[in-house]
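Survey of secondary and tertiary structure
Here are the chains, one letter per residue:
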Amino acid sequence: MRFSKTRLRRLRKGKNVRRLTRNVSLSKDDFLYPIFVKEGIEEKREIEGLPGQFHYPLDGLEEVLSKCEELGIPGVLLFGIPREKDEKGSEAFDSEGIVQRAGRKIKKSSELTLFTDTCLCQYTSHGHCGVLSEGGLDNDKSLKILKKVAISQAEAGADYVSPSAMLDGQVKSIRKGLDEEGYGSVGVMSYSAKFNSSFYGPFRAAAESAPKKIEGSSKLDGRKTYQMSYGASDQPLREISLDMREGADIVMVKPALPYLDIIRRASESFDIPISAYQVSGEYAMIKEASRSGVIDEKDAFLESLVSIKRAGANFIITYAALDVARWLDES
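Residues numbered from 1 in each chain as written. Predicted model: local features only at pLDDT ≥ 70, side-chain atom pairs only at ≥ 80, totals over all residues. Heavy atoms only, no water.

1. Looking at unusual backbone geometry
The criterion, for reference: Secondary structure elements follow DSSP: runs of H or I of four or more residues count as helices, runs of E of two or more count as strands, with numbering from the N terminus.
In this chain, Lys-254 is followed by Pro-255 through a cis amide linkage whose omega measures -5 degrees. Looking at the element boundaries, Pro-255 is found in the loop between strand 10 (250–254) and helix 8 (260–269). Phi is positive for Met-166, close to 60 degrees, though the residue is something other than glycine. Summarising the element assignment, Met-166 is placed in the loop between strand 8 (160–163) and helix 5 (170–180).

Below is the structure:
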């Protein structure tokens, strides 16, 4: 049998040549680390379903912030769990709310870039991402509250607010509000292509944000009326395009691994930084499979994260950021 002179295995025959010829790799600059701060606790508590992740008390944030800085992680995405909830999520825009106090502490004690999750689901008694009316989630009334949330987070030191409710017009409303209040330098990272996914389970437990069934409100159907169906392929590109026109500085695809095709299409279609969220279910699956000995944890995380970057993400939000930073130091 005659072979072609082209033999690609020559490029794979040794560790160093593999390093030289690869065109996608990971660095610490690729990661944003999510952290949860919770009212009413005095010491950190491991989050059930998210091994190695913790709820932190306000006075215990220095530990995780120091780790991020020591390991060279550029920034954090902050989530808050309040002690009190109500129907309109009032704690989300309280100047003394948990995220606002945590934001001030983070900016005072670290040089990390601070992204804040801008939503109502952790703060509403019903767990939905906005206020409810007879017709279900009231989009336009919710926008007014989300604008107040974003402004309060900017006042507390947020470098980027991150609207995640998937409501029509949320970026425009927030951008206008920030500009009017003198926060023109505060950016917007929009959860532009956020799908109604089964991979959010551990996060919803961690953030205490699972949506409740509301009697007489069958139109809600969970979060299907505002988060996208996993069967949509063109709609997420329309969402990203709209958010860009409304003033988003960064757009996000969430989850990441099941939607690599969307990341790729977005990276080829738009000239804007794209973030991808390796969500709680993706993280938990790798953790649990590695615990059972089915896969190697380090290899699986590195492979999955490289695939997300290879698809076109500029950076990745992942609960594995600290572990990966350590592995990169060791390599």
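Next comes the rest of the account.
2. Let's talk about the pattern of salt bridges
Where we set the bar: A pair is scored as a salt bridge if a Lys or Arg side-chain nitrogen falls within 4 Å of a carboxyl oxygen belonging to Asp or Glu. Throughout this description, buried means an accessible area under 20% of the type-specific maximum (1.4 Å probe, protein chains only), exposed means over 50%, and partly exposed covers the range between.
The tally for this structure, following the rule as stated, stands at 17 salt bridges. Measuring nitrogen to oxygen at the nearest pair gives 3.8 Å for the salt bridge that ties Asp-323 to Lys-287. In this pair, Asp-323 sits in helix 11 (residues 321–330) while Lys-287 sits in helix 9 (residues 280–291), placing the two residues 36 residues apart along the sequence. Overall, the relative accessible area of 11% leaves Lys-287 in the buried class. Shared partners join several salt bridges into a network, and the residues in it are Lys-287, Glu-297, Asp-323 and Arg-326.

3. Digging into the packing of helix 2 (residues 61–71) against helix 11
The condition that has to hold: Angular values range over 0 to 180 degrees, each being the angle between N-to-C directions of two axes fitted as lines to C-alpha atoms, with helices fitted over their stretch in contact. It is the rotation of the near helix from the far one that decides the hand of a crossing: anticlockwise by less than a right angle makes it left-handed, clockwise makes it right-handed. By definition in these notes, contact holds between two residues if any of their heavy atoms fall within 4.5 Å.
Closest axis-to-axis distance for the helix 2/helix 11 pair is 10 Å, and the angle between their directions is 30 degrees. Remark: the crossing between helix 2 and helix 11 carries left-handed chirality. Note on element contacts: helix 11 touches helix 2 through Leu-322, Ala-325, Arg-326 and Asp-329, opposite Lys-67, Cys-68 and Leu-71.

4. Section: helix 8
Here is the rule: Arc, as used here, means the arc of the directions from the helix axis to the C-beta atoms.
Regarding helix 8, the residues found buried are Ile-262, Ile-263 and Ala-266. Across the axial projection of helix 8, the buried residues extend over an arc of 100 degrees, all falling on one side.

5. Topic: the packing of aromatic side chains
What counts, and what does not: Only Phe, Tyr and Trp rings take part, Trp by its six-membered ring, and two of them pair if their centres are within 6.5 Å. Stacked means planes under 30 degrees apart, edge-to-face means over 60, and tilted covers everything else. Whether a charge sits over a ring comes down to the Lys NZ or Arg CZ being within 6 Å of the ring centre and within 35 degrees of the ring normal.
Counted according to the given criterion, the structure contains twelve aromatic pairs. Here Phe-115 and Tyr-160 contribute two aromatic rings whose centre-to-centre distance is 4.7 Å and whose plane-to-plane angle is 10 degrees, an arrangement assigned as stacked. Here Tyr-160 lies in strand 8 and Phe-115 lies in strand 5 (residues 113–118), a separation of 45 residues in the sequence. Tyr-160 sits in the partly exposed class, given a relative accessible area of 26%. What links up through ring pairs into an aromatic cluster is the set Phe-36, Phe-79, Phe-203, Tyr-277, Tyr-283, Phe-301, Tyr-319 and Trp-327. Directly above the ring of Phe-54 sits Lys-44, whose terminal nitrogen or CZ lies 4.3 Å from the centroid. One cation-aromatic arrangement involves Lys-254 over Phe-203; the distance from NZ or CZ to the ring centre is 5.3 Å.

6. Details of a positive patch on the surface
Threshold: For patch building, the residue pool is restricted to those with more than 30% relative accessible area and no salt bridge; the joining distance is 9 Å between like charges and 5 Å between nonpolar side chains (Val, Leu, Ile, Met, Phe, Trp, Tyr). Computed with the Shrake-Rupley method and a 1.4 Å probe, the accessible areas treat only the protein chains shown as cover for residues. Charged residues are defined here as Lys and Arg on the positive side and Asp and Glu on the negative side; His and the ends of the chain fall outside this count. The atoms used to mark charge sites are NZ of Lys, CZ of Arg, CG of Asp and CD of Glu.
A cluster of basic side chains, namely Arg-7, Arg-9, Arg-10, Arg-12 and Lys-13, defines a positive patch on the protein surface. Assignment of secondary structure puts Arg-7 in the segment before helix 1 (15–21). Residue class for Arg-7 comes out partly exposed when judged on its relative accessible area of 44%.

7. A few points about the environment of Arg-223
Counted only if it meets this: Polar contacts here mean pairs of N or O atoms no more than 3.5 Å apart (in protein, one a potential hydrogen donor and the other a potential acceptor; neighbouring residues in sequence count only if both atoms are side-chain atoms).
Among the secondary structure elements, Arg-223 is positioned in the loop between helix 6 (201–206) and helix 7 (235–246). Residue Arg-223 is classed as buried on the basis of its relative accessible area of 5%. Linking Arg-223 and Glu-42, residues 181 residues apart in sequence, is a C-alpha distance of 33 Å. Among residues more than four places away in sequence, those in contact with Arg-223 are Cys-121, Gly-127, His-128, Cys-129, Asn-196, Arg-204, Ser-209, Ala-210 and Pro-211. At 2.5 Å, the side chain of Arg-223 forms a polar contact with the backbone oxygen of Gly-127.

8. Re the side chain of Glu-246
Take Glu-246: it is sitting in helix 7. For the buried residue Glu-246, which engages in no salt bridge, the nearest side chain bearing the opposite charge is Lys-172, 6.8 Å off. Not counting residues up to four positions away in its chain, the partners in contact with Glu-246 are Gly-169, Gln-170, Val-171, Lys-172 and Arg-175.

9. Quick notes on the nonpolar core
Rules: For this analysis, a nonpolar core means a set of buried residues of the types Ala, Val, Leu, Ile, Met, Phe, Trp, Tyr and Cys, connected via side-chain atoms within 4.5 Å.
Among the nonpolar cores identified, the biggest contains 101 residues, and Ile-35, Phe-36, Leu-61, Leu-77, Leu-178, Met-189 and Tyr-277 are the most heavily contacted of them. Per-element tally for this core: the top contributor is helix 4 (residues 139–155), with seven residues. What Leu-61 contacts, discounting residues up to four positions off in sequence, is Ile-35, Val-37, Tyr-56, Ala-102, Lys-105 and Ile-106.

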